[in-house]
Amino acid sequence: MTHAIEATDLRRTYAGGFEAVRGLSLSVTRGEIFALLGTNGAGKTSTVELLEGLAAPTGGTARVLGHDPYRERAVVRPRIGVMLQEGGFPSDLTVAETVRMWAGCTSGARPAAEALGAVGLTGREKVRIKQLSGGERRRLDLACALLGRPEVLFLDEPTTGLDAEGRRDTWELVRALRDQGTTVLLTTHYLEEAETLADRLAIMHRGRIVLSGTPAEVTAAQPARIRFALPDGVPAARLPLALRAAEDGDRIEIRTHALQDDLTALLDWARDHGVRLDGLDARSASLEEAFLDIASRTEDAPADPKETVTR
Ligand SMILES: Nc1ncnc2c1ncn2[C@@H]1O[C@H](COP(=O)(O)OP(=O)(O)OP(=O)(O)O)[C@@H](O)[C@H]1O
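Residues numbered from 1 in each chain as written. Predicted model: local features only at pLDDT ≥ 70, side-chain atom pairs only at ≥ 80, totals over all residues. Heavy atoms only, no water.

## Some words on the pattern of salt bridges
- Counting across every chain of the model gives 23 salt bridges.
- Put simply, aspartate 9 and arginine 11 hold a salt bridge, and the shortest N to O gap is 3.3 Å.
- You can call arginine 11 partly exposed: its relative accessible area is 30%.
- Here arginine 175 ties to glutamate 172 by a salt bridge, and the two come within 3.0 Å at their closest N and O atoms. (Salt bridge = Lys/Arg side-chain N within 4 Å of Asp/Glu carboxyl O. Buried < 20%, exposed > 50% of the residue type's maximum accessible area, 1.4 Å probe, protein only.)

## Let's talk about the nonpolar core
- Core analysis: the biggest nonpolar cluster contains 42 residues, and Leu37, Leu140, Leu155, Leu201, Ile203 and Leu287 have the highest contact counts within it.
- A total of 6 residues in this core trace back to one element, the largest contributor, which is helix H5 (residues 134-146).
- For leucine 201, the contacting residues outside a window of four places in its chain are Phe34, Ala35, Leu37, Ala194, Leu211, Ser212, Gly213, Pro215, Val218 and Leu287.
- Membership of the second largest hydrophobic core comes to 27 residues, among which are Phe34, Leu50, Ala62 and Ile80. (Core = buried A, V, L, I, M, F, W, Y, C linked by side-chain atoms within 4.5 Å. Helix = DSSP H or I, 4+ residues; strand = E, 2+ residues; numbered from the N terminus. Contact = heavy atoms within 4.5 Å.)

## Examining helix H9 (residues 259-272)
- An ideal rise of 1.5 Å per residue puts 20 Å on 14 residues; H9 measures up with 20 Å between its terminal C-alpha atoms.
- Considered for burial, the residues of H9 that qualify are Asp262, Leu266, Trp269 and Ala270. When H9 is viewed along its axis, its buried side chains cluster within an angular range of 100° and face the same direction. The exposed set on the far side of H9, more than 90 degrees from its buried face, consists of Gln260, Asp261, Arg271 and Asp272.
- Looking at the buried residues of H9, the elements they touch are strand E10 (224-229), strand E12 (251-256) and strand E13 (278-283).
- Positive backbone phi, at 60°, marks glycine 274, one or two positions downstream of H9. (Expected span 1.5 Å × (residues − 1). Arc of directions from axis to C-beta.)

## With respect to the pairing of strand E6 (residues 152-156)
- Taken across its 5 residues, E6 has 5 buried, putting it largely inside the fold.
- The side-chain alternation of E6 yields two buried faces, one formed by Val152, Phe154 and Asp156 and the other by Leu153 and Leu155.
- Pairing analysis gives 4 bridges linking strand E5 (residues 80-83) to E6, with the strands arranged parallel. Following the sheet pairing, methionine 83 is matched in E6 by leucine 155.
- With 5 bridges connecting them, E6 and strand E7 (residues 183-187) associate as parallel partners. In the sheet register, leucine 155 faces E7, and the bridge partner there is leucine 186.
- Crossover connection from E6 via helix H6 (residues 164-179) to parallel E7: handedness right-handed. (Pairing = 2+ DSSP bridges. Right-handed = clockwise from strand over helix to strand, strands pointing away.)

Honestly, it's all geometry; don't read function into it.
Pasting the structure below:
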């Protein structure tokens with residue numbers, strides 16, 4: 001299977017010695033939407049810039065469409081679209097002028113009206129950039145990234161600043177691009193965005209990928225939770241389960257990878273002993289829990305291979 005993007009043991013150290021990317025490997029299949037998640041400062045932008053060919057890696061290799069995106073930038077650049085966190089267009093230009101200017105630097109650019117139509121900016125052509133809302137600026141950034149009909153599209157936080165409707169419109173557009181064969185690598189802080197949009201995702205922490213896979217695989221790698229309170233006089237020690245049961249005051253929390261079996265055992269025990277489980281709550285793990293679990297890690301341990309779910 002051809003990979004549109006491949007990174008192997010990628011490293012990036014900034015002047016001053018700070019290592020922002022520390023041995024990162026990932027591959028994105030053609031026609032796939034891949035989301036890179038992580039806390040602030042995890043190294044997402046530093047990684048994406050290496051893949052876009054904007055900087056040379058300190059170590060490791062990057063391949064985009066089979067080429068080195070930095071050394072072979074002239075070959076790779078016309079085939080990729082890049083939407084940075086800040087478009088940085090001159091604020092006195094109008095929307096139409098900006099798109100025309102960008103189209104002038106793009107080989108085989110699609111018509112400006114088509115790109116603006118795709119992002120819902122039709123009718124805003126004469127508005128100056130400084131008069132656009134934050135969400136409209138993000139959409140203009142996206143229109144410019146789409147101008148060259150890119151085979152690989154890099155989107156750095158594409159929906160930051162968009163309202164719920166704008167976000168959903170962008171998701172629709174990204175899905176439509178994927179369905180036409182475009183490969184999309186995006187970074188996001190919105191877990192819902194990654195969960196609903198991405199075919200696969202990776203969670204970064206401190207310059208490394210800690211967990212990766214499909215949204216379902218990443219979620220399934222986390223334990224489910226059962227929570228309840230025992231009545232006075234029934235100590236947690238009487239629970240029948242060979243489980244890691246943690247007491248927090250009168251609340252019990254059990255984390256398990258066998259939710260159905262353990263919940264059945266708990267309910268059978270409660271019925272047989274006439275014990276009422278107050279506030280009983282059982283739920284599968286969510287991407288948010290996986291993310292928060294990783295974000296709370298303070299140690300610098302390397303990625304645990306057991307946690308990486310690969311296809
Ligand atoms: N030019 C630079 N020089 C030195 N350190 C930098 C530079 N750019 C980024 N960093 C540091 O590298 C680390 C990773 O930053 P990066 O912007 O890649 O993270 P991120 O995951 O994209 O964060 P965010 O979600 O906040 O955008 C941060 O600690 C940041 O301060």
